[in-house]
Amino acid sequence: MDNTEMKDIQWFPGHMAKTRRLIQSNLSLVDGIVEILDARTPLSSRNPEMDRLTTGKPKMILLNKCDMADEKITSLWIDYFKSIGITAIAVDCKNGKGVKNFLPVLKSKVLNELLEKRNAQGMVGRPIRLMIVGIPNVGKSSFINKMAQSKRTKVEDRPGVTRTKQWVKIGEGAEMLDMPGVLWPKFDDQNVACKLAFTGAIKDDILDIEALAMKLLANLAVNYPDTLASRYKIDISENDSGFDLLEKVGRKRGMLISGGEINTERAAITVLDEYRSGKLGRITLEKPDDFCDGEN
Ligand code: G4P
């Protein structure tokens, strides 16, 4: 049996229809959409319904958590989005890197036509209004907090929570709705589900941690072998399965249980934690080419 085989990740959160309604009912209030994606998984962290739900609104993409993503691949993604007509920039909303580029790029490349039109009509003082959208954990709250010019209350992720609409001032002539549109990723494709689980976008309590870590290790052994080998000081051979790699990591870290057996569960938790916290280095799990080739 393939040791990395795992049960399909299934996750059907409720409230999806409510969330869709929430986004759609607020759409007429905003001038543009800011879609936040995880720079390590730009397509997997993109809900495919987002485009349909936000049709007709200018859109800008933020590739967030760029501090943990492979810089070269992030540039490829920016080019890719440009090729399909969407302006994207890389940001790190934890430390604020790239965030100051947001408004200038938005005004000059995404909302330029609208602003010119408003200027021509003499509507100079009207603020730009924006809606932030994205799947859970991509950094919507972090972004709003970085941009907000005054203290704000914690945004709840629970969709459908009724509260008064709040507009947060985020700079000269711009405001955003302090209620991000939260959509969940599509889980039809288990590759997508695994990548989201690697980054922690899917909570561990519904996952088989060991199987997941084996899949991540197998992926890293192909795409980032040197990083993997040097972090855990292990030799990687071509025939290593995810399980072999997990055992190597556990052995090297001295994670043993009685009888000298390797504690693969502990090793799995370590590998996933280290990937998610960026200790393994800047690692991106998908490139635009993977999708053009039709592999995904
Ligand atoms: P959400 O509203 O979309 O659900 O995401 P949120 O802002 O709550 O961010 C989810 C997690 O991702 C948080 O970590 C946050 O700090 C982290 N994060 C957001 N943006 C970035 C980024 O650009 N780089 C890095 N490295 N991390 C980012 P957490 O562990 O849940 O909380 P905490 O560490 O802030 O306490």
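What counts, and where the lines are drawn
- Residues numbered from 1 in each chain as written.
- Predicted model: local features only at pLDDT ≥ 70, side-chain atom pairs only at ≥ 80, totals over all residues.
- Heavy atoms only, no water.
- Near = heavy atom within 4 Å.
- Polar contact = N/O pair within 3.5 Å; in protein donor to acceptor, adjacent residues only side chain to side chain.
- Areas by Shrake-Rupley, 256 points an atom, 1.4 Å probe, with all protein chains shown as cover.
- Nonpolar A, V, L, I, M, F, W, Y, C, P; charged D, E, K, R; others polar.
- Axes fitted to C-alpha atoms, helices over the stretch in contact; angles between N-to-C directions.
- Helix = DSSP H or I, 4+ residues; strand = E, 2+ residues; numbered from the N terminus.
- Parallel < 35°, antiparallel > 145°, perpendicular 65-115°, else oblique.
- Contact = heavy atoms within 4.5 Å.
- Buried < 20%, exposed > 50% of the residue type's maximum accessible area, 1.4 Å probe, protein only.

Asks: Can you break down the site of the ligand residue by residue, with the values?
Replies: Lining the immediate surroundings of the ligand are 16 residues, of which Asp67, Cys93, Asn137, Lys140 and Ser142 lie closest. The backbone of Gly139 places a nitrogen or oxygen atom 2.9 Å from an oxygen atom of the ligand. Burial of the ligand by the protein chains amounts to 67% of its free accessible area of 700 Å². For the shell around the ligand, the class distribution of residues is 5 nonpolar, 5 polar and 6 charged.

Asks: Lay out the packing of helix H7 (residues 190-199) against helix H8 (residues 209-223) in plain terms, naming residues and giving numbers.
Replies: Here H7 crosses H8 at 95°, and the two axes come no closer than 10 Å. On the basis of their axis angle, the class for H7 and H8 is roughly perpendicular. Note on element contacts: H8 touches H7 through Leu212, Lys215, Leu216 and Asn219, opposite Cys194, Ala197 and Phe198. Here the residues of the contact of H7 with H8 are counted per class, giving 5 nonpolar, 1 polar and 1 charged.

Asks: Pulling in residues and values, what's your account of the environment of Asn223?
Replies: You can see Asn223 is positioned in helix H8. Judged by relative accessible area, which is 41%, Asn223 ranks as partly exposed. Separated by 60 residues in sequence, Asn223 and Ile283 place their C-alpha atoms 9.0 Å apart. Within the structure, the side chain of Asn223 is placed 2.9 Å from the side chain of Asn219, a separation counted as a polar contact.

It is worth stressing that arrangement in space is one thing and function is another; only the former is reported here.
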